[in-house]
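Chain by chain, the residues:
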Amino acid sequence: MYAVIKTGGKQYKVAAGDKVKVELLDAEVGAEVTIDQVLAVGNGSELKIGAPLVAGATVKATVVSHGKHDKVRIFKMRRRKHYKKSQGHRQNYTELQISAVNG
């Protein structure tokens, strides 16, 4: 059984036992999180699609860790204009262990 969830403005396809890195959540390490924004639930050839959410569907997950992704380099340059700009960015994430999909 799998589900398509929405968190942090992004969508993720998850199943029980998966580890997923999502946008930073305000939860302690080891805490159990319930995600109720479930867009679709599938089981084999069956698929329930919400409009926009599936009624009564939830996904339970445990917070494994918090961290930062790899650095993304941003470099802008205009040739012959003496303009160079270099910047870096590291996005925060929360790693979740999906324990159950209830649909």
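See the structure printed just above.
About the criteria used
- Residues numbered from 1 in each chain as written.
- Predicted model: local features only at pLDDT ≥ 70, side-chain atom pairs only at ≥ 80, totals over all residues.
- Heavy atoms only, no water.
- Helix = DSSP H or I, 4+ residues; strand = E, 2+ residues; numbered from the N terminus.
- Rg over C-alpha atoms; globule rule 2.2 N^0.38 Å.
- Contact = heavy atoms within 4.5 Å.
- Lys, Arg positive; Asp, Glu negative; His and termini not counted.
- Charge placed at Lys NZ, Arg CZ, Asp CG, Glu CD.
- Salt bridge = Lys/Arg side-chain N within 4 Å of Asp/Glu carboxyl O.
- Buried < 20%, exposed > 50% of the residue type's maximum accessible area, 1.4 Å probe, protein only.
- Pairing = 2+ DSSP bridges.
- Axes fitted to C-alpha atoms, helices over the stretch in contact; angles between N-to-C directions.

### A look at the overall build of the protein
The helix and strand inventory of the protein stands at 0 helices and 10 strands. Compactness check: the protein gives a C-alpha radius of gyration of 18 Å against a globular reference of 13 Å for 103 residues, more than 25% above the reference. A principal-axis box enclosing the C-alpha atoms of the protein has dimensions of 60 × 30 × 20 Å. For the protein, the share of sequence-separated contacts (at least 6 apart) that also reach a separation of at least 24 residues comes to 63%. For the protein, the separation between the mean place of its 18 positive charges and that of its 9 negative charges on side chains is 20 Å.

### Examining the pattern of salt bridges
All chains considered together, the criterion is met by 1 salt bridge. Among the salt bridges present, the one from Glu-23 reaches Lys-10, with a minimum N-O distance of 2.6 Å. Residue Glu-23 is found in strand 3 (residues 19-23), and its partner Lys-10 is found in strand 2 (residues 10-15); the two are separated by 13 residues along the sequence. Judged by relative accessible area, which is 19%, Glu-23 ranks as buried. You can call Lys-10 partly exposed: its relative accessible area is 39%.

### Quick look at unusual backbone geometry
The omega torsion of the bond from Ala-51 to Pro-52 falls at 0 degrees, within 30 degrees of zero and hence cis. Relative to the helices and strands, Pro-52 resides in the loop between strand 6 (46-49) and strand 7 (58-68). A positive phi angle is found at Arg-80, which is not glycine, with a value near 65 degrees. Along the chain, Arg-80 turns up in the loop between strand 8 (72-78) and strand 9 (83-89). Owing to a relative accessible area of 68%, Arg-80 belongs among the exposed residues under this scheme. Backbone geometry at His-82 places phi at a positive 55 degrees, although glycine is not the residue there. Residue placement: His-82 occurs in the loop between strand 8 and strand 9.

### Side note on the sheet that holds strand 7
The sheet built from 4 strands is open, its strands ordered 3-10-7-4 with antiparallel pairing. At either end of the open sheet lies a strand with only one pairing partner, and these are strand 3 and strand 4 (32-35). Here the average twist between neighbouring strands, direction ignored, is 45 degrees. Here strand 3 pairs with strand 10 (residues 92-102) via 5 bridges, running antiparallel. By the bridge assignment, Val-20 is partnered in strand 10 with Leu-96.

The values reported here are purely geometric and, on their own, carry no functional implication.
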